[in-house]
Structure formats: structure tokens, C-alpha cells
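Each chain, written out:
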Amino acid sequence: MHQEFSLFNEENQPLFDELVSGVRSFNHAHLGTEKAQPLLVCAKDDTGKLLGGIAGRTIYRQFLIEVLWVDDSCRQSGLGRELMAKAEAAARERGCIAAQVDTLAFQAPGFYQKQGFDIIGEVPAIGDSPGRFFLLKRYL
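Basis of the calculations
- Residues numbered from 1 in each chain as written.
- Predicted model: local features only at pLDDT ≥ 70, side-chain atom pairs only at ≥ 80, totals over all residues.
- Heavy atoms only, no water.
- Phe/Tyr/Trp six-rings, centres within 6.5 Å; stacked < 30°, edge-to-face > 60°.
- Buried < 20%, exposed > 50% of the residue type's maximum accessible area, 1.4 Å probe, protein only.
- Helix = DSSP H or I, 4+ residues; strand = E, 2+ residues; numbered from the N terminus.
- Disulfide = S-S within 2.5 Å.
- Expected span 1.5 Å × (residues − 1).
- Pairing = 2+ DSSP bridges.
- Right-handed = clockwise from strand over helix to strand, strands pointing away.

A. Inspection of the packing of aromatic side chains at higher detail. Taken as a whole and judged by the stated rule, the model has two aromatic pairs. Arranged with centres 5.3 Å apart and planes meeting at 75 degrees, the rings of Phe111 and Tyr112 form a pair that is edge-to-face. Ring geometry for Tyr112 versus Phe117: centroids 5.5 Å apart, planes at 70 degrees, classification edge-to-face. Given the relative accessible area of 5%, Tyr112 is considered buried. Among the aromatic residues, those joined into a ring-pair cluster are Phe111, Tyr112 and Phe117.

Structure representation (C-alpha cells):
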């Protein structure tokens, strides 16, 4: 069978969607037809300015955290903990038994550990590329 390869240096949403569809079909054959459900919690001030938020998705009883951000003016105020608590409560209400996240070494591994996450994997720094940590928090 002849194969033709293509390289893209820009977003290609239709192709990306087709790849995701293929992965979903494979997953559904093994785990059922559950679909990811978005989960987002944010905090704004009185003027509507975004102060921080957490976004991810729940699927197969897991809360997959994709991004957590807190504005510099609110760091060390407890806002990150509050956002995590609200998001995790919602994930548990959906039946999640664990949460997972990855973060760069200079970002927030210590923060997640204070929230009860355990480091379960690490990619060490290579040259000027920072290390990366994979963390898991079990709810059971």
C-alpha cells in the first residue's frame, strides 16, 4: 500500500477533528460511548475583569484539567485553591473518581501537591526546555 504524507505548519481544524473522531471511535469500542463534558469555573471582579479560572473536561470518571490561571494581582490570595475546590466538587458530582493535570516545572507542581495531587510522572528538563510533571489526585 502506497502512503502519502503531508506536513502542516498551520491549524487544520477539519483534519484535527477527523483525527479526534478516529480516537473516539477506538475509545468507544473499548470503554463505551461516553463523551467529554466541558468543566470551567472562573472568577471575575466587580467590573467583570477575569481574575482567574480553571478549565478542563470530564470523561470516563476522570477530571482532566487543561488550564488553571490566576491573575498576578490575585496570586497567593487563595483564589487558585477556591477555583480548584469548586471545579473538583463539580467533577465529583459528575461521578469522577480522580483528577489529572500536567504542568511545567516553573509553573505549579507545588501548588497541585498542596491540593492533594501526587506526581506520577516527570519529563526532565532538556537544554532550555523546562521539565514537566504529571500529577494525579484520587478521590476514592
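Having seen it, we continue.
B. Molecular detail of unusual backbone geometry. Even without a glycine there, the phi angle at Tyr60 is positive, about 50 degrees. For Tyr60, the location among the structural elements is in the loop between strand S2 (50-59) and strand S3 (62-70). With phi around 70 degrees, Gln76 is a residue other than glycine that occupies positive phi space. Within the secondary structure, Gln76 sits in the loop between S3 and helix H2 (79-93).

C. Main features of the state of the cysteines. Considering all chains together, one arrives at zero disulfides under this definition. Of the cysteine sulfurs around Cys42, a residue in no disulfide, the closest is that of Cys74, at 13 Å. Here Cys96 is not disulfide-linked; the sulfur of Cys42 is the nearest cysteine sulfur, at 19 Å. Here Cys96 falls in the buried class, since its relative accessible area comes to 7%.

D. Structural context of H2. Taking 1.5 Å of rise per residue, the 15 residues of H2 would be expected to cover 21 Å, and the 21 Å separating its terminal C-alpha atoms lies within 8% of that figure. Two residues or fewer after H2 comes Gly95, characterised by a positive phi angle close to 95 degrees.

E. Molecular detail of the pairing of strand S4 (residues 98-104). In this structure, S3 lies alongside S4, joined through three bridges in parallel fashion. Residue pairing for S4: Gln62 is matched across the bridge by Ala98. Since S3 and S4 lie parallel, the crossover through H2 that links them has a hand, and here it is right-handed. Bridging between S4 and strand S6 (residues 132-138) involves seven bridges; their strand directions are antiparallel. Looking across to S6, one finds that Asp102 is bridged to Phe134.

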